[in-house]
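A closer look at the structure
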Amino acid sequence: MNKSDLRKLYLEKRRQIAPDDAARFSSVIAASFFASLEIDRVKALHCFFSILRLNEIDTRPIFEKIWSEYPKIDTYAPRLSHDTDVLETVKISRDTTLIQNSWGIHEPVGIGVDPAILDVVLVPLVCFDQRGHRVGYGKGYYDRLLAVCRPDCKKIGLSFFPPVDAIADVHGSDVPLDRVITPNEIYRFG
């Protein structure tokens, strides 16, 4: 299937997940993330803020555990630059001021930094395939961000669902993930 059809199908599947199930799956995914990560090698982690009205995986447990148990890890979150149409990487903490943008997404206030400092990027997705390619919301923001990260930066997707066989319309600018964490399994690529 192509990205557009997969996006429609999986957004609907995600909408059908009950809130209690989504919270439980998000907790399992967060625990698997920490269990699979070589945490002592991570100095800078970039993670998206969940759009809970779209029933995305809740990333708050990941942020909270890092801030509570791994204070040496610097955390970053995305902010869309409306001037350049590029995701900026902004350092955040519990005390960072967030502003809701026109799409209802919370974004941090602060100065963007060079994404080359990142060791791990947690990537939102709608679905993914068995080669590590993902379907997002269709604007290419994360592909452009991942393209400027260091080659050794771990690109990790979070998904409620297992992979589809293949995404039919993968483009050369699509950056594959290194792994995807689901409630039942961790998929590794490359």
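Everything numeric here is computed off the predicted structure, so don't read it as measured data.

Examining the overall build of the protein
Looking only at helices and strands, the protein features 4 helices and 12 strands. Radius of gyration (C-alpha) of the protein: 16 Å, near the 16 Å computed for a compact globule of 190 residues. For the protein, the spread of C-alpha atoms along the three principal axes comes to 40 × 35 × 35 Å. Considering the protein as a whole, with its 190 residues, one finds that 50% of them fall into the buried category. Contacts in the protein between residues far apart in sequence, at least 24 positions, make up 69% of those at least 6 positions apart. Accessible surface computed for the protein: about 9,800 Å², of which carbon and sulfur atoms make up 52%. Taken together, the 25 basic and 26 acidic charged side chains of the protein have centroids lying 1 Å from each other.

Describing helix 1 (residues 3-15)
With 13 residues, helix 1 should cover 18 Å at 1.5 Å per step; its first-to-last C-alpha distance of 18 Å lies within 8% of that length. Three or more residues of helix 1 are buried, namely Lys3, Leu6, Arg7, Tyr10, Leu11 and Arg14. Looking down the long axis of helix 1, one finds its buried residues gathered within 125 degrees of arc, a one-sided arrangement. What points out from helix 1, more than 90 degrees from its buried face, is the exposed set Lys8 and Arg15. If you check the start of helix 1, you find a side-chain oxygen 3.2 Å away from the backbone N of Ser4, and it comes from Asn2.

Looking at the environment of Ser81
Residue placement: Ser81 occurs in strand 2 (residues 74-81). What Ser81 contacts, discounting residues up to four positions off in sequence, is Val86 and Glu88.

A closer look at the environment of Ala168
Relative to the assigned elements, Ala168 resides in the loop between strand 10 (154-158) and strand 11 (179-181). Separated by 36 residues in sequence, Ala168 and Gly132 place their C-alpha atoms 13 Å apart. When sequence neighbours within four positions are dropped, the list of residues in contact with Ala168 reads Met1 and Asn2.

A closer look at the nonpolar core
Grouped burial of nonpolar side chains is what soluble globular proteins tend to show. Membership of the largest hydrophobic core comes to 56 residues, with the highest contact counts inside it found for Phe33, Leu45, Ile62, Val120, Val121, Leu122 and Leu158. The element best represented in this core is helix 2 (residues 19-36), accounting for 5 residues. For Val120, the residues in contact, after removing those within four places along its chain, are Phe33, Leu37, Val42, Ala44, Leu45, His46, Cys153, Lys154 and Ile156.

Description of the pairing of strand 2
When you tally the buried positions in strand 2, you get 7 out of 8 residues, the bulk of the element. Two elements, strand 1 (residues 44-47) and strand 2, share 3 bridges in a ladder whose sense is parallel. In the strand pairing of strand 2, Ala44 is matched with Asp74. Between the parallel pair strand 1 and strand 2, the chain is carried across by helix 3 (residues 60-69), and the sense of this crossover is right-handed. With 7 bridges joining them, strand 2 and strand 3 (residues 86-92) adopt antiparallel strand pairing. Following the sheet pairing, Arg79 is matched in strand 3 by Glu88. As consecutive antiparallel partners, strand 2 and strand 3 are separated by 4 residues, and within that stretch Asp85 has a phi angle of approximately 60 degrees, a positive value.

What counts and how
- Residues numbered from 1 in each chain as written.
- Predicted model: local features only at pLDDT ≥ 70, side-chain atom pairs only at ≥ 80, totals over all residues.
- Heavy atoms only, no water.
- Helix = DSSP H or I, 4+ residues; strand = E, 2+ residues; numbered from the N terminus.
- Rg over C-alpha atoms; globule rule 2.2 N^0.38 Å.
- Buried < 20%, exposed > 50% of the residue type's maximum accessible area, 1.4 Å probe, protein only.
- Contact = heavy atoms within 4.5 Å.
- Areas by Shrake-Rupley, 256 points an atom, 1.4 Å probe, with all protein chains shown as cover.
- Lys, Arg positive; Asp, Glu negative; His and termini not counted.
- Charge placed at Lys NZ, Arg CZ, Asp CG, Glu CD.
- Expected span 1.5 Å × (residues − 1).
- Arc of directions from axis to C-beta.
- Polar contact = N/O pair within 3.5 Å; in protein donor to acceptor, adjacent residues only side chain to side chain.
- Core = buried A, V, L, I, M, F, W, Y, C linked by side-chain atoms within 4.5 Å.
- Pairing = 2+ DSSP bridges.
- Right-handed = clockwise from strand over helix to strand, strands pointing away.

All we've got here are geometric facts, nothing functional implied.
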